[in-house]
Amino acid sequence: MSKSTLNTLSTIFGLIASGSLLLGNAGVINHGVVGTIGGIATAILGYLVQQPAAGEHQAIV
């Protein structure tokens, strides 16, 4: 994926995770739903952050 696409997807999933937390704290959605949505969005975000952008080489450390 391109760097731009990775940045956009990371932003979207970060907003989903933080937005669900805000809505849960405000009492708009159930705390169980908040945990599920936040956990899934955070897991996807963690995966995306580790992906190298197209054309970039991953350094071997």
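Below or above, wherever it landed, is the structure these notes cover. (Residues numbered from 1 in each chain as written. Predicted model: local features only at pLDDT ≥ 70, side-chain atom pairs only at ≥ 80, totals over all residues. Heavy atoms only, no water.)

1. Some remarks on the overall build of the chain
1) Next: For the chain, the count of helices and strands is two helices and zero strands.
2) Next: For the chain, the C-alpha radius of gyration of 14 Å lies well beyond 10 Å, the compact-globule estimate for 61 residues.
3) Next: Along the three orthogonal principal directions, the C-alpha set of the chain runs to about 45 × 25 × 10 Å.
4) Next: Expressed as a percentage of its 61 residues, the buried residues of the chain come to 16%.
5) Next: Here the analysis covers contacts within the chain between residues at least 6 apart in sequence; of these, 64% occur between residues at least 24 apart.
6) Next: Split by element, the accessible area of the chain, about 4,400 Å² in all, is 67% carbon and sulfur. (Helix = DSSP H or I, 4+ residues; strand = E, 2+ residues; numbered from the N terminus. Rg over C-alpha atoms; globule rule 2.2 N^0.38 Å. Buried < 20%, exposed > 50% of the residue type's maximum accessible area, 1.4 Å probe, protein only. Contact = heavy atoms within 4.5 Å. Areas by Shrake-Rupley, 256 points an atom, 1.4 Å probe, with all protein chains shown as cover.)

2. Brief notes about the environment of Glu 56
1) Next: Along the chain, the position of Glu 56 falls in the segment after helix H2 (31-50).
2) Next: The partly exposed category is assigned to Glu 56, whose relative accessible area is 45%.
3) Next: Taking the C-alpha atoms as reference points, Glu 56 and Lys 3, 53 residues apart in sequence, are found 9.2 Å from one another.

3. A short note on H2
1) Next: Its 20 residues give H2 an end-to-end C-alpha distance of 28 Å, which sits within 8% of 28 Å, the value for a rise of 1.5 Å per residue.
2) Next: Among the residues of H2, Val 34, Gly 38, Ala 41 and Leu 48 are the ones counted as buried. The buried residues of H2 all sit within an arc of 90 degrees when viewed along its axis, so they share a single face. In H2, the exposed positions angled more than 90 degrees off the buried face are occupied by Ala 43, Tyr 47 and Gln 50.
3) Next: By the N-cap criterion, in which a side-chain oxygen at the helix start approaches the backbone nitrogen of a residue two or three places on, H2 is capped by Asn 30, the distance to Gly 32 being 2.8 Å. (Expected span 1.5 Å × (residues − 1). Arc of directions from axis to C-beta. Polar contact = N/O pair within 3.5 Å; in protein donor to acceptor, adjacent residues only side chain to side chain.)

4. With respect to a nonpolar patch on the surface
1) Next: There is a patch of nonpolar side chains on the surface, built from Ile 12, Ile 16, Val 33 and Ile 37 and spanning about 280 Å² of accessible area.
2) Next: For the nonpolar patch, the elements supplying multiple residues, two or more each, are helix H1 (3-25) and H2.
3) Next: Taking relative accessible area as the criterion, Ile 37 reaches 33% and is therefore assigned partly exposed. (Patch = residues over 30% accessible without salt bridge, like charges linked within 9 Å, V, L, I, M, F, W, Y side chains within 5 Å. Salt bridge = Lys/Arg side-chain N within 4 Å of Asp/Glu carboxyl O.)

5. Re the side chain of Ser 10
1) Next: With respect to the secondary-structure elements, Ser 10 resides in helix H1.
2) Next: Exposure remark for Ser 10: the relative accessible area of 18% places this residue in the buried category.
3) Next: Those residues in contact with Ser 10, other than ones at most four positions away along the chain, are Leu 45 and Leu 48.

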